[in-house]
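Chain residues, written in single-letter form:
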Amino acid sequence: MRYPKSKKKIIIAIHGWTGNVNSLKSLSKQWKLPSTTWFFIQGPYIVEPEGFSWFKGNNHDGWEYEKSFKILNHTIENLIENDYLPKHIYMLGFSQGACLTMEFMIRQKFSIGGIISISGFIKNKSYFKRPENIFNNDTRILLLHGENDHIIDSKESKIAYKLFLDLGYKTDIHIFKGGHKIPLEAKKIIQEKIFTDI
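Notes on the structure in this doc start here. Predicted model, so just to flag it, every value in this text is computed and none were measured.

A short note on the side chain of N133
Topologically, N133 is positioned in the loop between helix 4 (125-128) and strand 9 (140-146). Of the residues examined, N133 reaches a relative accessible area of 14% and is grouped as buried. Separated by 3.3 Å, the side chain of N133 and the backbone oxygen of Y127 make a polar contact. Setting aside residues up to four positions removed in sequence, N133 forms contacts with I106 and Y127.

In structure tokens, the structure reads:
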């Protein structure tokens, strides 16, 4: 007998630079989103003196991120094999983790329910400016950023907003009062703008 696909949503939580698998676990307890499972992953590149990163390298020599893409691909494949529908899979990234979600999703031929970028940025903007690179623009995009973010300027999310819109993605942006953090109002915005059944 083949059991029906799960109707539960799942959030793949992706930490920022020097974070780890536990960095975003408090969100699942604070938000208590209904019918939602959280899945926490960790960057493959070690940062000294402690923590992990999704990218390795520098602007001069180039950046390595293939291991990070493999983790995301493997995670999504496993979720689908465990009866999660792609439209019920979401990625939530903070800071560098948000950068990873955008850089990853733009290169995929499949879509998921959506990505939630909090205080993020797009590193390779030129790639986003070439429509021939885009295979699927059905994934919904939500960009959240603090107007007083002194680590990653909120203009980065405004640039990402225009890039995604120009490529035909359904995209929302919210600039909130505050700095480089996950805002309290994020839960409500996610539920209203992106976290809905298709």
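Some thoughts on the pattern of salt bridges
All told, the structure shown has three salt bridges when counted by the stated rule. Across the salt bridge formed by R107 and E103, the nearest N and O atoms sit 2.9 Å from each other. As far as burial versus exposure is concerned, R107 and E103 are alike and both buried. Note that E156 is salt-bridged to K125, the shortest N-O span being 3.1 Å. One end of the pair, E156, is in helix 5 (residues 155-166); the other, K125, is in helix 4, and 31 residues separate them in sequence. Given a relative accessible area of 23%, K125 falls into the partly exposed group.

Analysis parameters
- Residues numbered from 1 in each chain as written.
- Predicted model: local features only at pLDDT ≥ 70, side-chain atom pairs only at ≥ 80, totals over all residues.
- Heavy atoms only, no water.
- Helix = DSSP H or I, 4+ residues; strand = E, 2+ residues; numbered from the N terminus.
- Buried < 20%, exposed > 50% of the residue type's maximum accessible area, 1.4 Å probe, protein only.
- Polar contact = N/O pair within 3.5 Å; in protein donor to acceptor, adjacent residues only side chain to side chain.
- Contact = heavy atoms within 4.5 Å.
- Salt bridge = Lys/Arg side-chain N within 4 Å of Asp/Glu carboxyl O.

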